[in-house]
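What follows is each chain in one-letter form.
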Amino acid sequence: MPTVTLHDASPIEVEVHGEGPVLLLPVNPLPAEGPQAEAMRAWGTDPALGRSLIEGLRDAFTVVAFDYENHVLANPKPGTLTPANIARDLLAVADAAGADRFAYYGYSWLALSGLQLALRTDRLSALVMGGFPPLGGPYAEMLRVTTATHEMALAGASKKAVEKATGEAAEKPSGPPEKDDWSSVEVTLSPDQTRQFVTLYEELRGFDDLAAQPRITCPRLCFVGSADDIEYGERWGGVRVGIASAVAGRRAEIEALGWDVTVLDGLDHMGAMQPSTVLPLVRPWLRARIGALPAG
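All residue numbers refer to positions counted from 1 along the written sequence of the respective chain. Reporting of local features is limited, given that this is a predicted model, to residues whose pLDDT is at least 70; pairs of side-chain atoms are given and counted only at 80 or more, and all residues count toward the totals for whole chains, interfaces and linings. As a convention, hydrogens and water are excluded, and side-chain values are obtained from all of the structure's heavy atoms.

**Observations concerning the overall build of the chain**
And step 1. Each helix and strand counted, the chain has eleven helices and eleven strands in total.
And step 2. When a residue's accessible area, from a 1.4 Å probe over protein chains only, is under 20% of the maximum for its type it is buried; when over 50% it is exposed; and in between it is partly exposed. Here the chain, with 296 residues, has 50% of them falling under the buried criterion.
And step 3. Within the chain, counting contacts between residues at least 6 apart in sequence, those at least 24 apart form 75% of the total.
And step 4. Total accessible area computed for the chain in this model is approximately 13,300 Å², and 52% of it derives from carbon and sulfur atoms. Here a strand is any run of E in DSSP of at least two residues, a helix any run of H or I of at least four, and the numbering for each starts at the N terminus. Residues are treated as being in contact if the distance between any of their heavy atoms lies within 4.5 Å. Only the protein chains shown count as cover for residues, with accessible areas throughout obtained via the Shrake-Rupley method and a probe of 1.4 Å.

Pasting the structure below:
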């Protein structure tokens, strides 16, 4: 299990499984357990999501798995989580795996990261973006959402400091939120954890994803759930993040730019990322585009 040093000198562990064309997979290879697993189930998420993806792909590809999302939460990068530095990190992982050429699959902001990677290297053999549009991306909306989240984290940190000083209870027990009821979500992340995503979307302010398209030359697939438009409540400024609508509304244009496009009927943001949905779509697409070990 190689350890890779990222742009901020923090280490991340990488697991390599299988043989065949290399696929970078930024997922948690360890299934969640206990309360974390229960919370994931409450949101309709497979607690073994990363492991299930690895197991479903390792017979045909060399899967390079690394838990980048949880890494940045455990090692916040409030001033340096920029598209350029994310691309540097992903290339460092590929280098550690000895991969000169590699495919990449990411979901949500990790899909956005793959798009930014494709603009900064010619080493990609294929790109799969799930849960984020390659054209007409909601960058301004996500900047508003992440800024509001950061402000709530700052307020929460101040409240906890007062409670600690006065001896008041800092936490109130609560059950799991209703699925996809984003207005009910409590912000439990720290100011540094939330600030890094503000940094990411600040860097993407004004990013022209249409002008960038000619620079993406590898085979590419995007997929979204047809119900993946997220309404954030007043706490987030009443923002609507249109993911499905961005893809469905400009599907012909996206396809004309060289993308394969799939809209998954009836699925929301969480539903479209589950292994039972991803594997039947992504696995045959990758096999057709970059090959694989022969079935045996």
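**Thoughts on the nonpolar core**
And step 1. Buried Ala, Val, Leu, Ile, Met, Phe, Trp, Tyr and Cys residues that are joined via side-chain atoms within 4.5 Å together make up what is termed a nonpolar core. If you look at the biggest cluster of nonpolar residues, it comprises 59 residues, and the most contacted ones within it are Leu24, Tyr68, Phe102, Trp109, Tyr201 and Trp259.
And step 2. Sorting elements by how many residues they give to this core places helix H5 (residues 109–118) first, with seven residues.
And step 3. If we ignore the near neighbours within four places in the chain, the residues touching Trp259 are Leu115, Leu127, Met129, Pro134, Gln213, Ile216, Arg220, Leu221, Cys222 and Ile254.
And step 4. Grouped together as the second largest cluster of nonpolar side chains are 30 residues, Leu57, Phe61, Val63 and Ile290 included.

**Points about the pairing of strand S4 (residues 22–25)**
And step 1. Burial along S4 is two-sided: Val22 and Leu24 and Leu23 and Leu25, pointing in opposite directions, are all buried.
And step 2. Only strands joined by at least two bridges in the DSSP assignment are considered to pair. As judged from the four bridges shared by S4 and strand S5 (residues 62–65), these two strands associate in the parallel manner. Bridge pairing in S5 links Leu25 to Ala65.
And step 3. Summarising the sheet, S4 and strand S6 (residues 102–107) pair through two bridges and their orientation is parallel. Within S6, the position partnered with Leu23 by the bridge is Ala103.

**A short note on the layout of surface pockets**
And step 1. Here a cavity denotes a set of grid points, spaced 1 Å apart and computed over the protein atoms alone, in which a 1.4 Å probe fits but from which it cannot get out, and a pocket denotes an open set meeting protein on both sides within 12 Å along at least five of seven lines; residues with an atom within 4 Å of a point are reported as lining. Grid points are joined across faces, edges and corners, and a volume is the space filled by probe spheres set on the points. Its volume calculated, the second largest pocket comes out at about 170 Å³.
And step 2. Looking at the lining of the second largest pocket element by element, the count peaks at three residues for strand S2 (residues 11–13).
And step 3. Residue composition of the lining of the second largest pocket, grouped by class: eight nonpolar, two polar and three charged. Throughout, the ten residues Ala, Val, Leu, Ile, Met, Phe, Trp, Tyr, Cys and Pro are labelled nonpolar, Asp, Glu, Lys and Arg are labelled charged, and all others, Gly among them, are labelled polar.

**What to know about the packing of aromatic side chains**
Each pair of aromatic rings is reported with the distance of its centres and the angle of its planes.
And step 1. The criterion for an aromatic pair is that two Phe, Tyr or Trp rings (for Trp, the six-membered ring) have centres within 6.5 Å, with stacked assigned to planes under 30 degrees apart, edge-to-face to planes over 60 apart and tilted to the rest. Counted under the stated rule, the structure contains seven aromatic pairs.
And step 2. Taking 6.1 Å as the distance between ring centres and 40 degrees as the angle between the ring planes, the aromatic pair formed by Tyr68 and Trp109 counts as tilted. Of this pair, Tyr68 sits in helix H3 (residues 68–74) while Trp109 sits in helix H5, and the two are 41 residues apart along the sequence.
And step 3. A centroid spacing of 6.1 Å and a plane angle of 45 degrees characterise the contact between Tyr107 and Phe223, whose relative ring orientation is tilted. Taken together, the positions of Tyr107 in strand S6 and Phe223 in strand S8 (residues 220–225) put the pair 116 residues apart, joining distant regions of the chain. Grouping residues by exposure puts Tyr107 and Phe223 together as buried.
And step 4. Grouping aromatic residues by their ring pairs yields a cluster made of Tyr68, Trp109 and Phe197.

**With respect to the confidence of the model for the chain**
Detailed reading of the predicted coordinates is not advisable wherever pLDDT falls low.
And step 1. Per-residue confidence from the prediction method is given by pLDDT, with values spanning 0 to 100. Of all residues in the chain, 89% attain a pLDDT of 70 or more, and the chain-wide mean is 90.
And step 2. The model gives residues 159–177 a pLDDT under 50, and that stretch makes seven contacts with residues more than four places away or in other chains.

**Considerations on the sheet that holds strand S11 (residues 259–264)**
And step 1. Pairing in this open sheet of seven strands is mixed, and the strands run S3-S5-S4-S6-S7-S8-S11 from one edge to the other. Since the sheet does not close on itself, it has two edges, and those belong to strand S3 (15–17) and S11, each with one partner. Recorded for the sheet is a direction-independent mean angle of 15 degrees between the axes of neighbouring strands.
And step 2. Only the stretch in contact is used when a helix axis is fitted, and all axes are lines through C-alpha atoms; the angle between N-to-C directions ranges over 0 to 180 degrees. Taken strand by strand, helix H2 (residues 49–57) contacts S3, S4, S5 and S6, and its axis lies near 175 degrees from that of S4.

**Things to note about the side chain of Thr45**
And step 1. Take Thr45: it is sitting in the loop between helix H1 (34–42) and H2.
And step 2. Residues contacting Thr45, with those up to four places away along its chain left out, are Met40, Met270 and Gln274.

**Section: helix H4 (residues 83–96)**
And step 1. In a regular helix each residue adds 1.5 Å, so 14 residues correspond to 20 Å; H4 covers 20 Å between its end C-alpha atoms and thus fits that length.
And step 2. Buried residues of H4: Pro83, Asn85, Ile86, Ala87, Asp89, Leu90, Leu91, Val93 and Ala94, and no others.
And step 3. Downstream of H4 by one or two residues, Gly98 has phi in the positive range, about 70 degrees. Take the number of residues in a helix, subtract one, and multiply by 1.5 Å to get its expected span.

**Some remarks on the packing of H4 against H5**
And step 1. Viewed as axis vectors pointing N to C, H4 and H5 meet at an angle of 85 degrees, and their least axial separation amounts to 9 Å. As the angle between them shows, H4 and H5 are arranged roughly perpendicular. Counted together, Pro83, Ile86, Ala87, Leu90 and Leu91 of H4 and Trp109, Ser113, Gln116 and Leu117 of H5 form the full contact between these two elements.
And step 2. Among the residues forming the contact of H4 with H5, the class breakdown is seven nonpolar, two polar and no charged. For classification purposes, angles smaller than 35 degrees are called roughly parallel, those larger than 145 roughly antiparallel, those between 65 and 115 roughly perpendicular, and all remaining angles oblique.

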